[in-house]
Amino acid sequence: GLGSCFSFQAGVTALGYYFVRWQTLANAVASTGVSLGFTLWPLLSQYLLDEMGWRNTFLIFGGILLNCCVCGAIMRPIQPASGSLPQSAKPEEEPGSRAEEAQLSNGASPYHPTLRQHTRRTNGFQMLQKYLAFDIFCQNKGYQIYTIGVTWMMMGFALPHVYLVPYAIHNGVEEHKAALLISVIGFINIFIRPLTGLLSGHRVFTGRRIYLFSLAVLLYGLSNFICVISAEFSVLILYCVILSIAMSGVGALLFQVLMDVVDMDRFSSALGLFTILESITLLIGPPLTGLLVDITSDFRYVFYNSSFFLISAALFMGLSFCALEKKTKLREASKARLDNPSRYQYSETSTEPKAENQSPPAFEYITSI
């Protein structure tokens, strides 16, 4: 798990630097490897377990995963253009340095216990801000809404993948057919994810990918009700097809939307906090649902729970970003009125010559907008 975190976060961050115009498509193609794993891994693991045992199976899997080292070696650092430095490379005054200088100017010794404690506390807070993006979470409303929405979504995201095969076997589907359901999801994902990335990368969807993402999450949640209706193998195949289409949208846009709401110079830190929070709920969701199934002996609660978390998260993200967009437009319009007050002022011009016996004079109001 630790190795996966290191390779995963570095890979996603490097991808954001390597691509600009085709960034959405690149994210979708890169995440297609997940779909390929969904397709091949259940079949390959079952075959290796039957033929070689679990020890040799783990050795083979370890050899396959070692190819991540080769992929990581191919990723070379991107050099900035000559004469230009990244924004993050410019020296900045660290928060808290002024307070420390003020105490030193007042005669406090740098070795004073109170000053040392304050410095340690300040440095610790700076480390959290720099590497876990707490400052971005507090200041960037888009990042805040998206992180909370995805964290809540993950409570139900993995439930169908964990419990679909046991649910099918529990309702009389043969074990090999039940294992085939996961491969169906992965196989369709291989083709749908790149298409989703290509579609969402069009300039029409620039700045609106969050709504596509919310729509995919909503479809993901609604598809779970198919399993509640029937557990026949043909119905479960239909469920896997619809689920994989929705999952393709979620997988292709999950990190692209994050790149849209956060500047790339802080993307790595934002991704760190993002993955920590979503991993916590991803870890909590399946055991809690499994406990509920053990108590009730009813697998339908798996899909009820998944639908609840996914649909509520989709509505929260979509409506919140819509409200945030309207608020931003109103703020920009108000700022434009303040910056250009002459556009909204009016002038008075007399339409008739003044006369002593004429009272009162008539005026025509000419308003320039």
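Predicted model only: the values in this text are computed from it and were never measured. (Residues numbered from 1 in each chain as written. Predicted model: local features only at pLDDT ≥ 70, side-chain atom pairs only at ≥ 80, totals over all residues. Heavy atoms only, no water.)

(A) Looking closely at the pattern of salt bridges. What the rule picks out here adds up to 4 salt bridges. Its salt-bridge partner being Asp135, residue Arg266 comes within 3.2 Å of it at the nearest N-O pair. Remark: Asp135 occurs in helix α6 (residues 134-139) and Arg266 occurs in the loop between α12 (233-261) and α13 (267-296); sequence separation between them is 131 residues. Exposure remark for Asp135: the relative accessible area of 15% places this residue in the buried category. Where Arg300 meets Asp298, a salt bridge forms, and the shortest distance between an N and an O atom there is 3.1 Å. (Salt bridge = Lys/Arg side-chain N within 4 Å of Asp/Glu carboxyl O. Helix = DSSP H or I, 4+ residues; strand = E, 2+ residues; numbered from the N terminus. Buried < 20%, exposed > 50% of the residue type's maximum accessible area, 1.4 Å probe, protein only.)

(B) Local environment of the UniProt feature "transmembrane region" (unreviewed entry) in the protein chain. The UniProt record marks residues 25-44, 56-75, 145-166, 178-198, 210-230, 236-258, 270-289 and 301-324 with the feature "transmembrane region" (unreviewed entry), using the residue numbering of this structure. The span residues 25-44 shows a helical share of 100% and a strand share of 0%, and its end C-alpha atoms are spaced 28 Å apart. As a span, residues 56-75 carries 90% helix and 0% strand, and end to end its C-alpha atoms are 31 Å apart. (UniProt positions renumbered as here; feature names shortened; annotations may be inferred.)

(C) Layout of the nonpolar core. Judged by nonpolar contacts, the single largest core of 61 residues is most densely connected at Tyr146, Met153 and Phe213. Those elements giving two or more residues to this core turn out to be α7 (141-157), α8 (159-170), α9 (175-200), α10 (209-223), α11 (225-229), α12, α13 and α14 (300-339). No other element matches the 14 residues that α12 contributes to this core. In this view, Tyr146 contacts Ile210, Phe213, Leu253, Leu254, Val257, Leu258, Phe274, Met317 and Phe321; residues no more than four positions away in its chain are not counted. (Core = buried A, V, L, I, M, F, W, Y, C linked by side-chain atoms within 4.5 Å. Contact = heavy atoms within 4.5 Å.)

(D) How the structure looks around the packing of aromatic side chains. With the rule as written, the count across this model stands at 14 aromatic pairs. With a centroid separation of 6.2 Å and 85° between ring planes, the pair formed by Trp54 and Phe58 is classed as edge-to-face. Taken together, the residues span about one helical turn, with Trp54 and Phe58 both in helix α2 (residues 23-65) at a distance of 4 residues. Trp54 gets classed as exposed once you look at its relative accessible area, which sits at 52%. (Phe/Tyr/Trp six-rings, centres within 6.5 Å; stacked < 30°, edge-to-face > 60°.)

(E) The packing of α2 against α9, seen in detail. One way to put it is that α2 packs onto α9 with a least axis distance of 7 Å and a crossing angle of 175°. Our classification of the angle between α2 and α9 gives roughly antiparallel. Classifying every residue of the contact of α2 with α9 by side-chain character gives 13 nonpolar, 10 polar and 1 charged. (Axes fitted to C-alpha atoms, helices over the stretch in contact; angles between N-to-C directions. Parallel < 35°, antiparallel > 145°, perpendicular 65-115°, else oblique. Nonpolar A, V, L, I, M, F, W, Y, C, P; charged D, E, K, R; others polar.)

(F) Inspection of α12 at higher detail. The terminal C-alpha atoms of α12, which comprises 29 residues, lie 41 Å apart, in line with the 42 Å expected from a rise of 1.5 Å per residue. At Leu253, α12 shows its largest kink, close to 40°. (Expected span 1.5 Å × (residues − 1). Bend = angle between axes of the 7 residues up to and from the residue.)

(G) Examining the packing of α7 against α10 more closely. Across the interface, α7 lies against α10 with an axial gap of 12 Å and an inter-helix angle of 20°. Considering the angle they form, α7 stands roughly parallel to α10. Two packed elements cross with a definite hand, and for α7 against α10 that hand is left-handed. On the side of α7, the interface is formed by Tyr146, Val150, Met153 and Phe157, while α10 contributes Ile210, Phe213, Val217 and Tyr220. For the contact of α7 with α10, the class distribution of residues is 8 nonpolar, no polar and no charged. (Left-handed = near helix turned anticlockwise from the far one by under 90°.)

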